[in-house]
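Inside the fold
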Amino acid sequence: MSEDKKNKNIVKSIFENYINKGNIEELSELISSEYIDLGTGKKGVEAYMQNIESLILGFPDIQFEIKDLVAEKNRVVIRWQWQGTHKGNFRSIMPTGKKAVTDGMAIYTLENGKVVSSIAVVDKLGPLQAIGAVPTEFLKTQSN
């Protein structure tokens with residue numbers, strides 16, 4: 001199997017076999033102890049799991065759907081959409097029971113079968129609007 005295909009399968013597995021099934025404690029099998037989040041600078045498996053745990057806490061039924069998965073050598077780009085119901089505390093926002101859907105994408109770098117870094121771009125405003133934490137329309141100004 002090519003390196004591209006192996007790496008795609010690893011990233012796909014993170015979302016489908018670990019996050020969607022709530023098996024995040026087992027992510028250390030696929031995330032290197034040398035992992036670095038290029039967006040925050042945080043390091044280690046715990047840095048990766050913190051973001052996931054926050055989502056699962058707020059949206060315990062969260063499910064990621066992979067929209068695109070592209071690999072070249074040791075890099076994998078993934079585009080996803082997740083949806084879930086706000087049943088838990090999410091970023092200090094008490095549960096509302098409302099459903100949220102959002103899109104995101106990330107670039108993963110892998111070495112020796114494990115993720116060593118990633119950087120993500122995620123719609124952070126959409127879920128906050130969906131659960132009512134942020135207005136869906138901002139104030140409009142009228143011009144004369």
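Residues numbered from 1 in each chain as written. Predicted model: local features only at pLDDT ≥ 70, side-chain atom pairs only at ≥ 80, totals over all residues. Heavy atoms only, no water.

1. Describing helix α2 (residues 45–58)
Residue pairs three or four apart in sequence face the same way in an α-helix, which turns once every 3.6 residues. Inclusion rule: Secondary structure elements are taken from DSSP: a helix is a run of H or I of four residues or more, a strand is a run of E of two residues or more, and numbering for both begins at the N terminus. Here the expected span of a helix is defined as 1.5 Å times the quantity of residues minus one. Burial classification: accessible surface area is computed with a 1.4 Å probe over protein chains only, and a residue below 20% of its type maximum counts as buried, one above 50% as exposed, and the rest as partly exposed. In what follows, a contact means two residues having at least one pair of non-hydrogen atoms within 4.5 Å.
Compared with the 20 Å implied by 1.5 Å per residue over 14 residues, the 20 Å span of α2 between its first and last C-alpha is a close match. Taken together, the buried positions of α2 are occupied by V45, A47, Y48, M49, I52, L55 and G58. Buried-residue contacts for α2 involve α1 (3–19), β1 (31–37), β2 (63–72), β3 (75–85), β4 (99–111) and β5 (114–122).

2. Describing the layout of surface pockets
Note the following rule: Residues are called lining when one of their atoms sits within 4 Å of a cavity or pocket point, these points coming from a 1 Å grid over the protein atoms alone, where a cavity is a set in which a 1.4 Å probe fits but cannot get out and a pocket is an open set with protein on both sides within 12 Å along at least five of seven lines. Grid points are joined across faces, edges and corners, and a volume is the space filled by probe spheres set on the points. In this count, Pro and Cys sit with the nonpolar residues alongside Ala, Val, Leu, Ile, Met, Phe, Trp and Tyr, while Asp, Glu, Lys and Arg are called charged and the others, Gly among them, polar.
Looking at the largest pocket, its volume works out to about 550 Å³. Every residue lining the largest pocket is counted, 25 residues in all, and those nearest its centre are N51, W80, A120, V122 and K124. If you list the elements that add at least two residues to the lining of the largest pocket, you get β1, α2, β3, β4 and β5. Per element, the largest residue contribution to the lining of the largest pocket is five residues, and it comes from β5. Residue composition of the lining of the largest pocket, grouped by class: 16 nonpolar, five polar and four charged.

3. Concerning the nonpolar core
Note the cut-off: Here, the term nonpolar core denotes a set of buried Ala, Val, Leu, Ile, Met, Phe, Trp, Tyr and Cys residues that are joined through side-chain atoms within 4.5 Å.
Ranked by internal contacts, the top residues of the largest apolar core, which has 34 residues, are I14, F15, Y48 and Y108. Among all residues touching Y48, those that are not within four sequence positions of it are I14, F15, I19, L27, I31, Y35, Y108 and S118.

4. A look at a nonpolar patch on the surface
Applicable threshold: Nonpolar side chains (Val, Leu, Ile, Met, Phe, Trp, Tyr) are joined into patches within 5 Å and like charges within 9 Å, using only residues with over 30% relative accessible area and no salt bridge. Per-residue and other accessible areas were derived by the Shrake-Rupley procedure at a 1.4 Å probe size, with only the shown protein chains allowed to occlude residues. Within this document, salt bridges are pairs made up of a side-chain nitrogen of Lys or Arg and a carboxyl oxygen of Asp or Glu, the two lying within 4 Å of each other.
A contiguous nonpolar patch, built from L38, V70, V77, M105, I107, I119 and V121 and spanning about 570 Å² of accessible area, is present on the exposed surface. Listing elements by their share of the nonpolar patch, those giving two or more residues are β4 and β5. Position of I119 relative to the elements: it lies in strand β5.

5. Things to note about the pairing of β3
To keep things clear, this is the line we draw: When DSSP finds two or more bridges between two strands, those strands count as paired.
Where β2 lies against β3, nine bridges are found, and the strand directions are antiparallel. Bridging across to β3, Q63 finds its partner in Q83. Counted between consecutive antiparallel strands, the loop separating β2 from β3 contains two residues, among which K73 sits at a positive phi close to 55°. When β3 meets β4, the two strands line up antiparallel, connected through 11 bridges. What sits directly across from T85, in β4, is K99.

6. Considering the pattern of salt bridges
Where charged atoms from two side chains of opposite charge approach closely, those side chains can pair. Enumeration over the complete set of coordinates arrives at two salt bridges. Between K67 and E65 there is a salt bridge, with the nearest N and O atoms lying 3.4 Å from each other. Two residues, R79 and D68, come together in a salt bridge whose shortest N-O distance is 2.6 Å. With a gap of 11 residues between them, R79 in strand β3 and D68 in strand β2 connect regions that are remote in the sequence.

7. Examining the sheet that holds β1
Filter applied, for reference: For helices, the fitted line uses only the C-alpha atoms of the stretch in contact; every axis is such a line through C-alpha atoms, and the angle between N-to-C directions lies from 0 to 180 degrees.
Sheet architecture is open: five strands sit in the order β1-β5-β4-β3-β2, paired in mixed fashion. This sheet does not close on itself; its edge strands, each paired only once, are β1 and β2. Averaged over neighbouring strand pairs, the angle between their axes works out to 25° when direction is ignored. Where α1 meets the sheet, it contacts β1, β2, β3, β4 and β5, and its direction lies at approximately 170° from that of β2.

8. Some words on the packing of aromatic side chains
Heads up, the condition is: In this analysis, rings of Phe, Tyr and Trp, with Trp reduced to its six-membered ring, are considered paired at centre separations within 6.5 Å, and the interplanar angle assigns stacked below 30 degrees, edge-to-face beyond 60, and tilted for intermediate values.
Under the criterion given, the structure shown has eight aromatic pairs. Relative to W82, the ring of F59 lies with its centre 5.0 Å away and its plane at 55°, an arrangement referred to as tilted. Linking F59 in the loop between α2 and β2 with W82 in strand β3, this pair joins segments that are 23 residues apart in sequence. Of the two residues, F59 and W82, neither departs from the other in class, the shared state being buried. The exposure class assigned to F59 is buried, which follows from its relative accessible area of 0%. Here a set of aromatic residues connected by ring pairs shows up, and it is made of F15, Y35, Y48, F64, W80 and Y108.

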